[in-house]
Amino acid sequence: MAVEITQFLLSAQSADSKVRTEAENNLRQFQEQSLPGFLLSLSLELSNDGKPIESRRLAGIVLKNSLDAKDATTKEHLVQRWMSNDASFRSQVKGLLLNTLGSSVSEAGHTAAQVIAKIASIEIPRKEWPGLIGSLLGNMTQQDKPASLKQATLEALGYVCEEISHSDLVQDEVNSVLTAVVQGMNVSEPTSVRLAATTALYNALDFAQTNFENEMERNYIMKVVCETATAKEADIRQAAFECLVSIASTYYEVLEPYMPTLFELTANAVKGDEEGVALQAIEFWSSICDEEIELQDFETGDTDSYAHSCFIKKALSMLVPMLLETLLKQDEEQDQEDGIWNLSMAGGTCLGLVAKTVGDDIVPLVMPFVQANISKPDWRSREAATYAFGSILEGPSVEKLSPMVVSALDFLLNAMKDQNNHVKDTTAWTLGRIFELLHNPAAGFSAISPTNFQKVMVVLLESIKDSLNVAEKVCGAIYFLAQGYEGFETGSSVLTPYLPNIIASLISTAERTDANDTKLRSAAYETLNEVVRCSNLAESSQIITQLLPVIMTKLGQTIELQILSSDDKEKQGDLQALLCGVMQVIIQKLGGNDETKPIILQAADQIMTIFLSVFACRSSTVHEEAMLAIGALAYASGPKFEKYMSEFYKYLEKGLQNYEEYQVCSISVGVVGDICRALDDKILPYCDNIMTLLLKDLSSGDLHRSVKPPIFSCFGDVALAIGEHFEKYVAYAVPMMQGAAEVCAQIDVTDEEMVEYGNQLKRSIFEAYSGILQGFKGSKAEIMLPYASHLLKFIEAVAKDANRDEGVVRAAVAVLGDLADALGSHVKVFIKDLAFCSEFLGECLQSDDEQLKETATWTQGMIGRVFSVCG
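On a predicted model such as this, the values are computed, not experimentally measured, just so you know.

### Overview of the nonpolar core
Residues Trp285, Val354, Phe641, Phe648, Phe715 and Phe726 are the most contacted members of the largest nonpolar core, which totals 309 residues. Filtering out sequence-adjacent residues up to four positions away, Phe648 remains in contact with Met608, Leu612, Phe615, Met627, Ile630, Phe641, Val671 and Ile675.

This is the structure in structure tokens:
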């Protein structure tokens, strides 16, 4: 059954592409002809110490990829394929892998550990590999076993814990795993074993709930982790601190007795250890902040789920100076590289979290550091002082911060001319933070006054010409400056005189030739969008009208770009996406007002021609942004959009069939809704095809689940648009809605992500019913009578659901009213004995949510009308 595949595996790594391709084809052919033989051959290769490490390594990788994939659909297929093999064959493969843990070549043992975990993730939840944990623990308890076996076994235990759920193991198994892992961390063990054990503990901590509830066991685990955090080897110390970070977030409520020790350990690490260890020590305090911020968010006067221990407040006087010291440890290149993370950044981030945790108390501890360092000749001191100031702007009260910020603003504006690039970068970031957090004229407070506004604008428009990283932060500052004036029409006019210069500067910034990536261009165009969106339309309509042809021309020019490589194609797509985004905002701004809407209608033909040309370029990102812009154009154009449908429909259809790039599919579904609202029954000629595609999307196992709620909402949009003509789709659409309602009842309430998805699904099903009922009202409402009972049961289930959100409740109350409104006296028989209706409505009428109260009042009136008419 097994075949000698060493040469194939070696050739598949050859530098000669012809040899490589032939070997890959041979391996693929073997896999397709005999999967069991293929998997067995790979397992034999990996387990054989006489084989070259190169072939063994690839055998392990291919084996792992035969069991797991990132894509959920592919993964499920691989799982079914593995489980379709008979048990004796699977045992043979698993036996070879367990033997490989003892390989004298550590890399082979390491790879086997990963493959074992992948099989465990499939089989343990199905109770198919009950002996695995026992086999692994046997390797740890037998005398005179080599260190390499212990190391690989601990890696396997760690990976298995990472792959499975804590409910998959019984407590005795958890106890045994923790015992083996903690023993492996013993100082008498070799370094490789201790590191593997500490890493395994990190993965096993989620399983240790019961053990952490037991004081004696908890004390022992904490003692071992704290001792390991002072090991001679830096990588072991780092792994131990990673465990402490996890413990901080998972077992916060039992940390009190250990905090003095933990403070000392983290303080020593931050002050004098290697960067990787110090970063984890800071992360420990960031995790404590996260826990305490969450506790503050959920604190209610009468309940105390578990105590807020105020660790940050208690440690404040020692913690803040420690963090401030880290701010002086900057990297020279930190502003030039993406994704860089160092001690200074970690310290500043933690300082920001401390500010959010303790509020006003942090200010007197940080401001002396700022004042002492802000004017020093050394750039590190000036940058650290600015970073400290910017980091504490969220958390303390406006009353505490405003005097400082107002007096500091002029200093910061002058600092934008500092000789050092790092200082300018951090100063621009801090200005952005001030404008984001302390500039809200509508609420009656802004750090910017009429006297300093001009200086603010002059400095920003000058500094946007600075180095790339500074210019990007300045874009952020302008973004938040504009956002502060949103909805504050009188204050908005302060910005209006500067709009032409702001717009011109942002467009110039987006076109800078020294930008070697698209980050600055994206920041400039996103800021332009916000400036347009937040401008005072009464004063700025002419300026925005003049911007429209400028952006249309730029978008038109992208179609003419010479495309010689995939890189050119990608750059074209990115630029088109950004420009379509600007077009969308301009269309929404001008099209949303009756006085300026004619400007969009006049340019609509030209706009649509450009969008259709962009679609012809075939880039999924552009497809997304252009779709959104067309949705905005449809909304603005209303019934006049009909003339574009024949040409546009083919692209809409492609979007609805794009399962792979599911965001495109989701946006296309949203655009169908926009077009329905624009065209009403003029969309009828396209409805058969659209409904067929939407129903197909819902039935597909390949389409990402997040697209399904928008599809149900879209049913409601279509039904509202075409009214009684929706009748022919009811027999197909409503059973889908009923099936989805059943799915909602089976959602795992312990999985937050699934609960959120369930709420989206419920809301969209109700929206679909509402649209259909309103569409049929007055003509063919009786078509929905056979479905009324199921709908009411679904509403009742949601009314009793503790995990529902406000949006679901509003949609449920609304559809109950629509049911009574559309079906009239027919609905009495369904709801006369339903006590939940009055209870649910009563609860909603007591809500603080005004919109919900209004909807509930309307629904109560509709039900009351049904009963009063019936007598």
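Back to the write-up after that little detour.
### Quick look at the pattern of salt bridges
With the rule as written, the count across this model stands at 41 salt bridges. With its nearest N and O atoms 2.7 Å apart, the salt bridge here joins Arg237 to Asp273. Here the residue Arg237 occupies a position in helix H14 (residues 234-250), and Asp273 occupies one in the loop between helix H15 (259-272) and helix H16 (275-298), the gap between them amounting to 36 residues. Of the residues examined, Asp273 reaches a relative accessible area of 22% and is grouped as partly exposed.

### Regarding the packing of helix H28 (residues 537-559) against helix H30 (residues 597-616)
Interhelical geometry of H28 versus H30 gives an angle of 15 degrees and a closest axis separation of 10 Å. Between H28 and H30, the angle falls in the class roughly parallel. In this structure, H28 crosses over H30, and the sense of that crossing is left-handed. Of H30, the residues touching H28 (which contributes Thr545, Leu548, Met552, Leu555, Gly556 and Ile559) are Ile599, Ile600, Ala603, Gln606, Ile607, Ile610, Phe611, Ser613 and Val614. When its residues are assigned to classes, the contact of H28 with H30 shows eleven nonpolar, four polar and no charged.

### So, a negative patch on the surface
A cluster of acidic side chains, namely Glu283, Asp290, Glu294, Asp297, Asp748, Asp751, Glu752 and Glu756, defines a negative patch on the protein surface. Looking at which element gives the most residues to the negative patch, the answer is H16, with four residues. With respect to the helices and strands, Asp748 occurs in the loop between helix H36 (727-745) and helix H37 (752-776).

### A few points about the environment of Val423
Within the secondary structure layout, Val423 lies in helix H22 (residues 421-437). Judged by relative accessible area, which is 2%, Val423 ranks as buried. When the C-alpha positions of Val423 and Phe38 are compared, they lie 59 Å apart, and in sequence the two are 385 residues distant. Aside from chain neighbours lying at most four places away, what touches Val423 is Trp379, Arg382, Glu383 and Asp418.

### Quick word on H22
Under the 1.5 Å per step criterion, the end-to-end length of H22 is 24 Å for 17 residues, consistent within 8% with the ideal 24 Å. H22 sits mainly inside the fold: 14 of its 17 residues count as buried. Where H22 begins, the capping side chain belongs to Asn420, and its oxygen is found 2.8 Å from the backbone nitrogen of His422.

### Examining the environment of Glu724
On the secondary structure map, Glu724 appears in the loop between helix H35 (708-722) and H36. Overall, the relative accessible area of 36% leaves Glu724 in the partly exposed class. Taking the C-alpha atoms as reference points, Glu724 and Ile772, separated by 48 residues in sequence, lie 8.9 Å from one another. Residues contacting Glu724, with those up to four places away along its chain left out, are Gly775, Phe776, Ser779 and Lys780.

### Structural notes on the packing of helix H21 (residues 398-415) against helix H23 (residues 450-463)
Packed helix pairs are specified by the crossing angle of their axes together with the interaxial distance, meaning the distance between the axes. One can describe the packing of H21 onto H23 by two numbers: an axis separation of 10 Å at closest approach and a directional angle of 25 degrees. It follows that H21 is roughly parallel to H23 by the angle criterion. The two elements H21 and H23 meet at a crossing, and its hand is left-handed. Counted together, Leu409, Asp410, Leu413 and Asn414 of H21 and Asn452, Lys455, Val456 and Val459 of H23 form the full contact between these two elements. Taken together, the residues of the contact of H21 with H23 break down into four nonpolar, two polar and two charged.

Procedures and definitions
- Residues numbered from 1 in each chain as written.
- Predicted model: local features only at pLDDT ≥ 70, side-chain atom pairs only at ≥ 80, totals over all residues.
- Heavy atoms only, no water.
- Core = buried A, V, L, I, M, F, W, Y, C linked by side-chain atoms within 4.5 Å.
- Buried < 20%, exposed > 50% of the residue type's maximum accessible area, 1.4 Å probe, protein only.
- Contact = heavy atoms within 4.5 Å.
- Salt bridge = Lys/Arg side-chain N within 4 Å of Asp/Glu carboxyl O.
- Helix = DSSP H or I, 4+ residues; strand = E, 2+ residues; numbered from the N terminus.
- Axes fitted to C-alpha atoms, helices over the stretch in contact; angles between N-to-C directions.
- Parallel < 35°, antiparallel > 145°, perpendicular 65-115°, else oblique.
- Left-handed = near helix turned anticlockwise from the far one by under 90°.
- Nonpolar A, V, L, I, M, F, W, Y, C, P; charged D, E, K, R; others polar.
- Patch = residues over 30% accessible without salt bridge, like charges linked within 9 Å, V, L, I, M, F, W, Y side chains within 5 Å.
- Areas by Shrake-Rupley, 256 points an atom, 1.4 Å probe, with all protein chains shown as cover.
- Lys, Arg positive; Asp, Glu negative; His and termini not counted.
- Charge placed at Lys NZ, Arg CZ, Asp CG, Glu CD.
- Expected span 1.5 Å × (residues − 1).
- Polar contact = N/O pair within 3.5 Å; in protein donor to acceptor, adjacent residues only side chain to side chain.

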